[in-house]
Amino acid sequence: MRARAPTTRARVATIDRASRRLASSRVASRASRGAAAKAREVDGASLGDVLGASTRVEAIEVSGSATRARWIANDGALAKKPPIDARTGEESTSAVPELRRIFLPSGFPESVSSDYVAWLKWHLLSLLFRDVLEVLTAQSLLVALGMGSTPGALPLTAAAKWVLKDGVGSIATLLAGSFGGQKYDEDPKRWWGVTNALEDVARAIELATPVAPALFLPLAASATFVRCAALTGRGSLINGSFMQHFGRKSNLGDIRAKLEVQGRWLALVGLPVGIQVFQVVSTSAAGFVERGDEASAFAVAFGAYGTVITAHCLSCWQSARALKFDILNRYRLLKLADAFVDAENDELLDVDALGDIEGVYAPRVTPSTPTFGADPSELSEDWNSFIEALRLANTRSYVLGFDPKRSSSPSAMLLNRASPRDTFAAALACQKLQRLASSATTAEARRAQDTIAMRVNAYAYADARVLEFEAAMIRSGWRVDFVQLGVAPTFVVDIAASS
């Protein structure tokens, strides 16, 4: 062990240097973005030297890289003035600073992640189409109840149906919250696309209710069930995973509040647009029905509503695609470990590059993907093999095996005490084991090989290279303080003497 100490210290030093370089690059980036504001600052240590009776002093109020106001002397009193327009040299009369304050988080863009703007533009577009859909579906439900063109109070039976249709929403919320929580955290991009697509399915069902008004209650209740499940996932993502990702200055509340402001303004736009679309479609469809051309009436309604739903779904997909998470989950970690083992160098995909590969609906598990976060049945064929796997793991916080459910693909069971670095080692060992086992083209040939020797080799490789792997991830901009394992189980091995 003593002979390996210099190597260990060298690897730790490598990680430290990588951390310092990453921190320096982030500081330099922030400094360059705020260069205009910093150029006007006076060194605090020399204020006493430069201030005098003839000195003109301005206190520039900044928010991130934007100048919001100037504070100057006005006959001995403090006076707040507009900022100076760099193009004209005069006091700015633009409303942009005030609009930024209303609609964007304080300190923007330094206070949010680099992908915030790319996500936001598509998100706001999707909100506009979503607001239009809400108007259209509300009108459709009223028509199905017989209230589309009849003035007066809502009949009692119709009111009862309207209330009953929402009764299933609580059940949907309970199910979605119980079974989806950790899945949302591990793969937020995919679940953002899925939940928004489910909401579109619910809207499509509601739009179809006027076609079969006699089936209003089952159709409306089904739509409510799907929509409530979708909204539970959507709300969990935007209030949880997304806010944690976007916030860079403990400003989650500010970012969420600004999203609410943006959404309310878009709702004011979506309301008249939705009403107008409904009126145009209804008038056109009614004209075709009067002429006995029901097929054309259906085509008009289907084309108009289908266009809005498609636009909403596409905008949601684009907003999810724009997200680039720097936190490791099982998919990203295994991808990086695969690249490290394959290339045998320190060059790894950065956050943006791997985010593009990850996509929204790209498969997360392929036939060659190890089972990472396995349970005992995914580690061994029988109890004796499981005990043998535990022996080979020795004191490590993960256990290697072969998944009998997936043609003996390499697998790793994680112990509850596993640290992020132990998880990195497990991913490296899994991918190394995948390489060692790939020479066996059939399951029979693989069983004939010395699987124990392969696992010993994989363990040794991970032990020797995990610090280099961690340093490479830091250099590529990845967070290494936490791994999002989602629903992957972890275990405590309880060993007691037989009585």
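Residue indices begin from 1 for each chain and proceed along its sequence in written order. In keeping with the model being predicted, local features are shown solely for residues with a pLDDT of at least 70 and side-chain atom pairs are shown and tallied solely at 80 or more, while totals for entire chains, interfaces and linings include all residues. Values reported for side chains reflect all heavy atoms of the structure, with hydrogen atoms and water molecules removed beforehand.

## Observations concerning the packing of helix 5 (residues 116–144) against helix 8 (residues 188–207)
- For helices, the fitted axis covers only the stretch in contact; all axes are lines through C-alpha atoms, and the angles between them, taken along N-to-C directions, range from 0 to 180 degrees. Runs of H or I in DSSP of at least four residues are treated as helices and runs of E of at least two as strands, each being numbered from the N terminus. Across the interface, helix 5 lies against helix 8 with an axial gap of 9 Å and an inter-helix angle of 20°. Taken together, the axis directions place helix 5 and helix 8 in an arrangement best described as roughly parallel. You can see that helix 5 and helix 8 cross each other, and the crossing is left-handed. Facing helix 5, whose interface residues are Trp119, His123, Arg130, Leu133, Glu134, Leu136, Thr137, Ser140 and Leu141, helix 8 presents Trp192, Glu199, Asp200, Arg203, Glu206 and Leu207.
- The class makeup of the residues in the contact of helix 5 with helix 8 is six nonpolar, three polar and six charged. An angle below 35 degrees is treated as roughly parallel, one above 145 as roughly antiparallel, one from 65 to 115 as roughly perpendicular, and anything else as oblique. What makes a crossing left-handed is the near helix being turned counterclockwise from the far one by less than a right angle; a clockwise turn instead makes it right-handed. The contact definition used throughout considers only heavy atoms, calling two residues in contact when any of these lie within 4.5 Å. Following the grouping adopted for this structure description, the nonpolar residues are Ala, Val, Leu, Ile, Met, Phe, Trp, Tyr, Cys and Pro, the charged ones are Asp, Glu, Lys and Arg, and the polar ones are all others, Gly among them.

## Points about the nonpolar core
- Within the largest apolar cluster, 50 residues are counted, with the highest numbers of intra-cluster contacts made by Phe372, Phe469 and Met473.
- Contributing elements (two or more residues each) for this core: helix 12 (330–343), helix 13 (351–358), helix 14 (383–393), strand 6 (398–403), strand 7 (409–415), helix 15 (420–437) and helix 17 (451–475).
- The greatest single-element share of this core, amounting to 11 residues, is contributed by helix 17.
- If we ignore the near neighbours within four places in the chain, the residues touching phenylalanine 469 are Leu333, Leu336, Ala337, Phe340, Leu348, Phe424 and Leu428. Nonpolar core, defined: a set of buried Ala, Val, Leu, Ile, Met, Phe, Trp, Tyr and Cys residues in which side-chain atoms within 4.5 Å join the residues together. Burial classes: relative accessible area under 20% of the type maximum marks a residue as buried, over 50% as exposed, and values in between as partly exposed (1.4 Å probe, protein chains only).

## Thoughts on the packing of aromatic side chains
- Each Phe, Tyr or Trp ring, with Trp reduced to its six-membered ring, pairs with another whose centre is within 6.5 Å; inter-plane angles below 30 degrees give stacked pairs, above 60 give edge-to-face pairs, and intermediate values give tilted ones. In this structure the tally under the stated criterion is 16 aromatic pairs.
- Ring plane angle 40° and centroid distance 6.5 Å describe the contact between tyrosine 116 and tryptophan 119, whose orientation is recorded as tilted. Of this pair, tyrosine 116 and tryptophan 119 both sit in helix 5, separated by three residues, roughly a single helical turn. Summarising the burial analysis for this pair, tyrosine 116 and tryptophan 119 share the class buried.
- Between the aromatic rings of phenylalanine 242 and phenylalanine 325, the centroid separation amounts to 6.2 Å while the plane-to-plane angle is 45°, which identifies the pairing as tilted. In this pair, phenylalanine 242 sits in helix 9 (residues 216–246) while phenylalanine 325 sits in the loop between helix 11 (294–322) and strand 4 (328–329), placing the two residues 83 residues apart along the sequence.

## Topic: the pattern of salt bridges
- Any Lys or Arg side-chain nitrogen found within 4 Å of a carboxyl oxygen on Asp or Glu counts as a salt bridge. For the coordinates displayed, the defined rule picks out 21 salt bridges.
- For arginine 203, the salt bridge identified is with glutamate 134, shortest N-O distance 3.4 Å. Note that arginine 203 is positioned in helix 8 and glutamate 134 in helix 5, a separation of 69 residues in sequence.
- Here arginine 203 falls in the buried class, since its relative accessible area comes to 7%.
- Taking the shortest distance from any N to any O, the salt bridge between arginine 227 and glutamate 206 comes out at 2.5 Å. One end of the pair, arginine 227, is in helix 9; the other, glutamate 206, is in helix 8, and 21 residues separate them in sequence. Here arginine 227 and glutamate 206 have matching classes, each one buried.
- Linked by salt bridges that have partners in common, Arg130, Glu134, Glu199, Arg203, Glu206 and Arg227 make up one network.

## As for the environment of serine 411
- Along the chain, serine 411 falls in strand 7.
- Residues serine 411 and glycine 401, spaced 10 residues apart in sequence, show a C-alpha to C-alpha distance of 5.2 Å.
- Sequence-distant contacts of serine 411, defined by excluding residues within four places in its chain, comprise Thr371, Ala374, Glu378, Leu379, Val399, Leu400, Gly401, Phe402, Asp403 and Cys430.

## Section: the confidence of the model for the protein chain
- On a range of 0 to 100, pLDDT expresses the predictor's confidence in each residue. Per-residue confidence for the protein chain gives a mean pLDDT of 83; residues scoring 70 or more make up 80%.
- The low-confidence segment residues 149–154, where pLDDT is below 50, has four contacts with residues more than four positions distant or belonging to other chains.

## With respect to the environment of isoleucine 84
- Within the element layout of this structure, isoleucine 84 appears in the loop between strand 3 (77–81) and helix 4 (96–103).
- The spacing of isoleucine 84 and alanine 69 is 15 residues in sequence and 8.5 Å in space, taken between C-alpha atoms.

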